[in-house]
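# Structural characterization, general
Spelled out from the first residue to the last, the chains are:
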Amino acid sequence: MKIICIGRNYREHAEELGNEIPEKPVIFMKPDTALLKGRDFYIPEFSQDIHYELEVVLKISRNGKYILKENVSQYYHEIGLGIDFTARDLQSELKSKGLPWELAKGFDGSAAVSAFFSKSEFNLENLSFSLQKNKTVVQSGNTRDMMFSFDEIIAFVSRFFTLRTGDLIFTGTPKGVGKIAENDLLEAWLEEIPVMSLRIF
């Protein structure tokens with residue numbers, strides 16, 4: 001199972017981190033060991049600045065390669081939410097040296113994923129989602145603000161990687177990312193549905 005992530009897919013998030021606006025999807029990967037098991041996240045000892053990044057996650061339902069945009073809908077039937085935990089201090093150090101981000105993005109437990117729901121239940125082009133930290137909304141986004149749509153993402157990714165049943169695609173985070181601390185409670189909402197709750201240790 002692959003975890004494929006899209007970076008800088010919301011203009012305001014790219015701007016808040018001082019990044020260039022991409023002309024094509026920015027792709028990075030997490031190993032399957034990044035999938036968080038359970039509902040407790042333990043801050044790793046190698047970072048003093050772990051950030052949350054809430055994203056809509058697509059679950060691939062059939063194998064595909066070079067998928068045409070008009071056929072993409074046949075390749076995923078469920079969506080959920082995920083938190084891409086990022087060691088921002090480590091990422092900044094790596095970026096300053098022109099090195100890959102994997103150590104900051106792909107560490108064990110860095111991909112928290114909710115239950116999945118049928119995409120037919122939602123308007124995917126106008127889908128709202130939000131994250132609360134300690135009962136205060138810290139991130140809220142809507143898929144209408146994505147620079148690259150779900151269909152564009154899957155078609156683009158499949159040019160380079162064969163997609164397989166069960167692969168997950170994190171589709172990018174809106175503005176509002178921030179630091180977590182011990183004893184924080186993170187709660188994710190898909191539209192008006194609470195779909196995930198995590199305690200930070």
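Criteria and thresholds
Counting restarts for each chain, with residues numbered from 1 along the sequence as it is written. The predicted origin of the model limits local features to residues at a pLDDT of at least 70 and limits the giving and counting of side-chain atom pairs to 80 or more, whereas totals for whole chains, interfaces and linings rest on all residues. Side-chain numbers come from the whole structure's heavy atoms, not from hydrogens or water. A run of H or I in DSSP counts as a helix once it spans at least four residues, and a run of E counts as a strand once it spans at least two, with each numbered from the N terminus. Only protein chains enter the accessibility calculation, which uses a 1.4 Å probe; a residue whose area is less than 20% of its type maximum is buried, one above 50% is exposed, and one in between is partly exposed. Note on areas: Shrake-Rupley, 1.4 Å probe, and residue coverage restricted to the protein chains presented here. Here the positive residues are Lys and Arg and the negative ones are Asp and Glu; neither His nor the chain ends is included. Where a charge lies is defined by one atom per residue type: Lys uses NZ, Arg uses CZ, Asp uses CG and Glu uses CD. In plain words, nonpolar cores are sets of buried Ala, Val, Leu, Ile, Met, Phe, Trp, Tyr and Cys residues tied together by side-chain atoms within 4.5 Å.

This part takes up the overall build of the chain. Scanning the chain from N- to C-terminus turns up four helices and 15 strands. Dimensions of the chain, computed from the C-alpha atoms along their principal axes, are close to 45 × 40 × 30 Å. Taken over 201 residues, the chain has a buried fraction of 51%. A total accessible area of about 9,500 Å² is found for the chain, and carbon and sulfur atoms account for 49% of it. For the chain, the distance from the average position of its 24 positive side-chain charges to the average position of its 29 negative side-chain charges is 3 Å.

Phi is positive for K135, close to 75 degrees, though the residue is something other than glycine. Relative to the assigned elements, K135 resides in the loop between β10 (128-133) and β11 (136-142). Its relative accessible area of 59% is what places K135 among the exposed residues. Unlike most non-glycine residues, E191 shows phi in positive territory, near 55 degrees. Within the secondary structure layout, E191 lies in the loop between β14 (185-190) and β15 (193-200).

Ranked by size, the top nonpolar core spans 47 residues in total, and within it I79, I83, F85, I154 and L186 carry the most contacts. Top element by residues in this core is helix α4 (residues 150-160). It accounts for five residues.

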